[in-house]
Amino acid sequence: MPVSPDIEISAPDVVLTGAERAATEQVAALLCAPESLVDEPAWVGAARDHWEDLPARLRRALRAFRRDPGPGGALLVRGLPVTGPALGRTPLTPGSVQRTATVPAAVLMLAACGLGDPAAFLPEKTGALVQDVVPVPGQEEFQGNAGSVLLTFHNENAFHPHRPDFVMLLCLRADPGGVAGLRTSCVREVLPLLDERTRTDLRRPEFRTAPPPSFGAADGPAEPHPVLGGAPEDPDLRVDMAATEPLTERAAAALAELQRLFERTARTVRLEPGDLAVVDNRITVHGRTAFSPRFDGSDRWLQRTFVLADLRRSRAHRADDGYVLADPAEPEA
């Protein structure tokens, strides 16, 4: 299906003042002592303690978004500290992550603790809580964060019973070509455009979503599931356009209509350094426009953290009550 022109997002939801940016950097710097490690539970605990020290306007915006993500299901905060020149070159290696504490990693973790709890999946980038989203040579056609072709709309880890509630993307370096854009589409804007038959068909358990290759081969086919669930007037969304398979003809027609309306309602933002995009993964799909990476150290560089609003629900998957889900996904009851 051809990609239609998206609505450009020009006005961020929150723009930090110079004083707010400096205050945020000061709080983040407290977490950046030598040899501090992002994945240590004690470091995450320190970030949770310092959440209350962030500027009040930033905290209010994140708390309000957690309660009600609005019609678009995404939040854009501009003006966060990322210490540009000190970043070094954009990584080129597959599976790149951030293990040591930095100001950007601290900003992500502080925000995660305001939205819920950070979380990661052991098969995905070795369970790192802060992951690099960068183009990787040889993976240009990959449908994932390492690719540079059009990334199709998806809920993050749609196959998993404990998929993230929120996906956070912090821009450290913009695409030098100015082409790469984060695309989002929210079921709250799509739902009024769906006819009743299509809504009904999307609620049938006639879809199957496969895990990505990084999670390994599943034991048998995935359990069928609906694409829409929850309250009929404000449903949750579970779909990955590259991995969700319709199991009937009516399911295929409904999925095609949903894809068409994702394109019709899509919004695009070209992230700049210091921009934090928060996507409500329960109601919003995201993707990315195609771009041409240079692979010279100047390419687009985002860092990503997942958030669970209710960490307790995934306790059986997390060793020692940590933040990494290690067990294979199990069918939802």
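What counts as what
- Counting of residues starts from 1 at the beginning of each chain's written sequence and follows it residue by residue.
- Reporting in this predicted model follows two pLDDT cut-offs: at least 70 for local features of residues, and 80 or more for side-chain atom pairs to be given and counted; totals over whole chains, interfaces and linings ignore these cut-offs and use all residues.
- Values reported for side chains reflect all heavy atoms of the structure, with hydrogen atoms and water molecules removed beforehand.
- Every helix listed is a DSSP run of H or I at least four residues long, and every strand listed is a run of E at least two residues long, numbered separately from the N terminus.
- Throughout, radius of gyration means the C-alpha value; the globule benchmark is 2.2 Å times the number of residues raised to the power 0.38.
- Burial classes: relative accessible area under 20% of the type maximum marks a residue as buried, over 50% as exposed, and values in between as partly exposed (1.4 Å probe, protein chains only).
- In short, Shrake-Rupley with a 1.4 Å probe defines the accessible areas, and a residue's cover is counted only from the protein chains shown.
- Here the positive residues are Lys and Arg and the negative ones are Asp and Glu; neither His nor the chain ends is included.
- In plain terms, the charge of a residue is placed at NZ if it is Lys, CZ if Arg, CG if Asp and CD if Glu.
- In this analysis, rings of Phe, Tyr and Trp, with Trp reduced to its six-membered ring, are considered paired at centre separations within 6.5 Å, and the interplanar angle assigns stacked below 30 degrees, edge-to-face beyond 60, and tilted for intermediate values.
- What is meant by a nonpolar core is a set of buried Ala, Val, Leu, Ile, Met, Phe, Trp, Tyr and Cys residues, joined one to another through side-chain atoms within 4.5 Å.
- Here, two residues are considered to be in contact whenever any of their heavy atoms come within 4.5 Å of each other.
- Take a side-chain nitrogen of Lys or Arg and a carboxyl oxygen of Asp or Glu: if they are within 4 Å of each other, that pair is a salt bridge.

1. What about the overall build of the chain?
Here is step 1: Looking only at helices and strands, one finds 7 helices and 17 strands in the chain.
Here is step 2: The C-alpha radius of gyration computed for the chain amounts to 19 Å, which stays within 12% of the reference 20 Å derived for 333 residues, consistent with globular compactness.
Here is step 3: The 333 residues of the chain split such that 51% are buried.
Here is step 4: Roughly 14,300 Å² of accessible area belongs to the chain as shown, and the carbon and sulfur atoms make up 53% of that amount.
Here is step 5: The positive charge centre, built from 36 side chains, and the negative charge centre, built from 46, are 3 Å apart in the chain.

2. A word on the packing of aromatic side chains
Here is step 1: Counted according to the given criterion, the structure contains 3 aromatic pairs.
Here is step 2: Pairing phenylalanine 65 with phenylalanine 166 gives two aromatic rings, centres 5.9 Å apart and planes at 50°, and the pair type is tilted. Of this pair, phenylalanine 65 sits in helix α3 (residues 56-67) while phenylalanine 166 sits in strand β7 (residues 166-173); the two residues are 101 residues apart in sequence, bridging distant segments of the chain.
Here is step 3: Given the relative accessible area of 0%, phenylalanine 166 is considered buried.

3. Structural notes on the nonpolar core
Here is step 1: Ranked by internal contacts, the top residues of the largest apolar core, which has 65 residues, are Met168, Leu276 and Val278.
Here is step 2: By residue number, the principal contributor to this core is helix α4 (residues 103-115), which donates 11 residues.
Here is step 3: Setting aside anything within four residues of it in sequence, one finds leucine 276 in contact with Leu75, Leu76, Val77, Leu80, Leu108, Ala111, Met168, Leu169 and Leu170.
Here is step 4: Residues Leu258, Leu261, Phe262 and Ile283 belong to the second largest nonpolar core, which totals 21 residues.

4. Describing the pattern of salt bridges
Pairs can form between side chains of opposite charge whenever their charged atoms are close.
Here is step 1: Throughout the structure, instances matching the rule amount to 19 salt bridges.
Here is step 2: Note that aspartate 321 and arginine 318 form a salt bridge whose closest N and O atoms lie 2.8 Å from each other.
Here is step 3: Among the residues examined, aspartate 321 registers a relative accessible area of 44% and is labelled partly exposed.
Here is step 4: Connected through salt bridges with shared partners, the residues Asp68, Arg188 and Asp234 form a single ionic network.

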